[in-house]
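Tertiary structure, described
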Amino acid sequence: MEPFVPQLVYIEPKALDYPLGMELKDKFEKMGLEIRETTSHNQVRGIPGSNELQQYRNAKSTLVVGIRRTLKFDTSKPSAEYAIPLATGCMGHCHYCYLQTTLGSKPYIRTYVNLEDIFDQAQKYMDERKPEITRFEAACTSDIVGLDHLTHSLKKTIEYFGQTDYGRLRFVTKYHHVDHLLDAKHNGKTRFRFSVNSRYVIKHFEPGTSTFDERLEAARKVANAGYPLGFIVAPIYLHEDWKEGYLELFQRLSDSLKGINLEGLTFELIQHRFTKPAKNVIAKRYPKTKLEMDEEKRKYKWGRYGIGKYVYQDEEAKDMEATIREYVHSFFPEAEVAYFT
């Protein structure tokens, strides 16, 4: 697929006080994109569309260039100690994505240009915890790789952490636009993770993302560039013939990685879950979705902030975990595996 290009750009005036803000404004003007002004990346108005669904789809192709004013980083357990806020929002249209409700009425994409402020805050967190290593998840409310060919914020962040003593960076992506990151001076301190899934899930629930083969090609590139490599299989979804579908996934993954140094390879496995608010939003935004969200077929599990989620029944979940773990260990016996419900 082609790299993301926004149809509409909003810029906070104060973002132009930063070199990256001016750089992006010049770039987008040369690209001939429509540029509007907004007082804040949290107050974007006027996204075109005659109804909520059209506005949502247009918002997913709208980029807002702003300043990250809240510099208290969210925690990002269990994958990392903190989430480093480089961007918010995603250009993909994954039906199951938790951002459907997390971002609510603001599904547009935001990139933050005050990188030095963000790096300074990251350093404070590292100083508080040293000599322990502090892990940072980059833009966990976005897919930063899908945006970085425009901003290079991720590349700057990779090189920033590459020269730290106590920091590590990690992120996950469904996009293959990695060529500009291959020469980054990462010094082995950034883990590049790709989200992969069965053919059924990618075909029906992941529009607007790179193909499985494109992701695998990108994984080979970043592994050859010396990045520690990982994969996330999420959500693991019980579709018809799911065991065959996931077996094929790991077979293709294994075939594609032949000859690659896989030392330190990691897998994170996450079963499909949903909340009632998410179900309602998904039904509005993707009315023809095939995503199964029948509460009667699921088990209710209490979640954070009092919002429970629906997960698979115990026996299904046990079978799923045992099956996927078996596949991982069959093809990648040395890999580190973590499973989340």
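Residues numbered from 1 in each chain as written. Predicted model: local features only at pLDDT ≥ 70, side-chain atom pairs only at ≥ 80, totals over all residues. Heavy atoms only, no water.

**A closer look at the overall build of the protein**
Our working definition: Secondary structure elements are defined from DSSP: runs of H or I of at least 4 residues count as helices, runs of E of at least 2 residues count as strands, and each element is numbered from the N terminus. Our radius of gyration is a C-alpha quantity, and the globule rule it is checked against amounts to 2.2 Å times the number of residues to the power 0.38. Here's how the labels work: a residue is buried when its accessible area is under 20% of the maximum for its type, exposed when over 50%, partly exposed in between, all with a 1.4 Å probe on protein chains only. Residue contacts are defined here by distance: any two heavy atoms, one from each residue, within 4.5 Å place the two residues in contact. His is not counted, nor are the chain ends, whereas Lys and Arg count as positive and Asp and Glu as negative. To locate a charge, the coordinates of NZ of Lys, CZ of Arg, CG of Asp or CD of Glu are taken.
Within the protein, the regular secondary structure consists of 11 helices and 15 strands. Relative to the 2.2 N^0.38 estimate, which gives 20 Å for 341 residues, the radius of gyration of the protein is 20 Å and therefore close to what a compact globule would have. Each principal axis of the C-alpha atoms in the protein carries an extent, and together these give about 55 × 50 × 40 Å. Looking at the protein as a whole, 54% of its 341 residues qualify as buried. Contacts in the protein between residues at least 24 apart in sequence constitute 76% of all its contacts with a sequence separation of at least 6. Looking at the protein, you have 50 positive and 47 negative side-chain charges, and the mean spots of the two groups are 4 Å apart.

**Considering unusual backbone geometry**
Note that the residue after K77, namely P78, is joined by a cis bond; omega there is 0 degrees. A cis amide bond links K130 with the next residue in sequence, P131, at an omega value of 15 degrees. On the secondary structure map, P131 appears in the loop between α4 (115-129) and β8 (134-138). Despite not being glycine, N187 shows a phi value in the positive range, around 55 degrees. Summarising the element assignment, N187 is placed in the loop between β9 (167-173) and β10 (190-196).

**Quick look at the packing of α4 against helix α6 (residues 153-162)**
To be explicit about the condition: A fitted line through C-alpha atoms serves as each axis, taken over the contacting stretch for helices, and the angle formed by two N-to-C directions is quoted from 0 to 180°. Throughout, a crossing is termed right-handed when the near helix is turned clockwise from the far one, and left-handed when it is turned anticlockwise from it by less than a right angle. Each residue receives one of three labels: charged for Asp, Glu, Lys and Arg, nonpolar for Ala, Val, Leu, Ile, Met, Phe, Trp, Tyr, Cys and Pro, and polar for the others, Gly being one of them.
At their nearest, the axes of α4 and α6 sit 12 Å apart, and the two run at 35 degrees to each other. The chirality of how α4 crosses α6 is right-handed. Residue-level inspection shows L115, F119, A122, Q123 and M126 of α4 in contact with α6, the latter providing S153, K156, T157, Y160 and F161. Grouping the amino acids of the contact of α4 with α6 by side-chain chemistry returns six nonpolar, three polar and one charged.

**Quick notes on the pairing of β8**
Defined as follows: A pair of strands is labelled paired if DSSP reports no fewer than 2 bridges between them.
Counting buried positions over the five residues of β8 gives four, a clear majority of the element. Sheet analysis places strand β5 (residues 80-84) next to β8, joined by three bridges and oriented parallel. Directly across from Y82, in β8, lies its bridge partner F136. Sheet topology note: the β8/β9 ladder contains four bridges and is parallel. Each residue of the ladder has a partner; that of E137, found in β9, is R170.

**A look at the sheet that holds strand β7 (residues 109-112)**
Sheets are built from strands paired through backbone hydrogen bonds, the pairs being either parallel or antiparallel. Strand order across the open sheet formed by five strands is β2-β1-β3-β7-β6, with mixed pairing between neighbours. At either end of the open sheet lies a strand with only one pairing partner, and these are β2 (34-37) and β6 (87-88). Note that strand β3 (residues 62-66) and β7 share four bridges and pair parallel. Within β7, the position partnered with V65 by the bridge is T111. Its contacts with the sheet place helix α1 (residues 19-30) against β1 (8-11), β2, β3 and β7, and it is angled at close to 150 degrees to β3.

**Focus on the packing of helix α9 (residues 242-256) against helix α11 (residues 314-331)**
Stated precisely, the cut-off is as follows: Orientation is classified from the angle alone, with under 35 degrees giving roughly parallel, over 145 giving roughly antiparallel, 65 to 115 giving roughly perpendicular, and any other angle giving oblique.
Two elements in contact, α9 and α11, have axes whose closest approach is 10 Å; the angle formed by their N-to-C orientations is 25 degrees. As the angle between them shows, α9 and α11 are arranged roughly parallel. In terms of crossing hand, the pair formed by α9 and α11 is right-handed. In this structure, α9 contributes W242, K243, Y246, L247, F250, Q251 and S254 to the contact, and α11 contributes D319, M320, T323, I324, Y327, V328 and F331. Within the contact of α9 with α11, the residues separate by chemical class into nine nonpolar, three polar and two charged.

**Considerations on the pattern of salt bridges**
The condition that has to hold: The salt bridge definition used is simple: a Lys or Arg side-chain nitrogen within 4 Å of an Asp or Glu carboxyl oxygen.
If you walk through the whole model with that rule in mind, you get 21 salt bridges. Where D183 meets K155, a salt bridge forms, and the shortest distance between an N and an O atom there is 2.7 Å. One end of the pair, D183, is in the loop between β9 and β10; the other, K155, is in helix α6, and 28 residues separate them in sequence. Under the relative-accessibility criterion, D183 is labelled exposed at 54%.

**Focus: the side chain of D143**
Along the chain, D143 falls in the loop between β8 and α5 (145-151). For the buried D143, no salt bridge exists, and the shortest N-O distance to an oppositely charged side chain is 5.9 Å, to K174. Discounting chain neighbours no more than four positions away, the residues touching D143 are G89, C90, M91, V172, T173, K174 and Y175.

**A word on the state of the cysteines**
Short version of the rule: Cysteine sulfur atoms that pair up within 2.5 Å are treated as a disulfide.
Applying the stated criterion to the full structure yields zero disulfides. Among the cysteines around C94, which has no disulfide bond, C97 carries the closest sulfur, lying 6.3 Å off. A disulfide-free cysteine, C140 has its sulfur positioned 11 Å from the sulfur of C97, the nearest such atom. Overall, the relative accessible area of 28% leaves C140 in the partly exposed class.

**A look at α1**
To be explicit about the condition: Given the number of residues in a helix, its expected span is that number minus one, multiplied by 1.5 Å. Relevant arc is that of directions from the helix axis to the C-beta atoms, nothing else.
Between the first and last C-alpha of α1 there are 17 Å, a value that for 12 residues agrees with the 16 Å anticipated at 1.5 Å per step. Among all positions of α1, only L20, G21, L24 and F28 are buried. Buried residues of α1 fall within an arc of 100 degrees about the axis and therefore sit on the same side. α1 presents P19 and K30 as exposed residues on the side facing more than 90 degrees away from its buried surface. After α1 finishes, the residue G32 shows a positive phi value of roughly 75 degrees.

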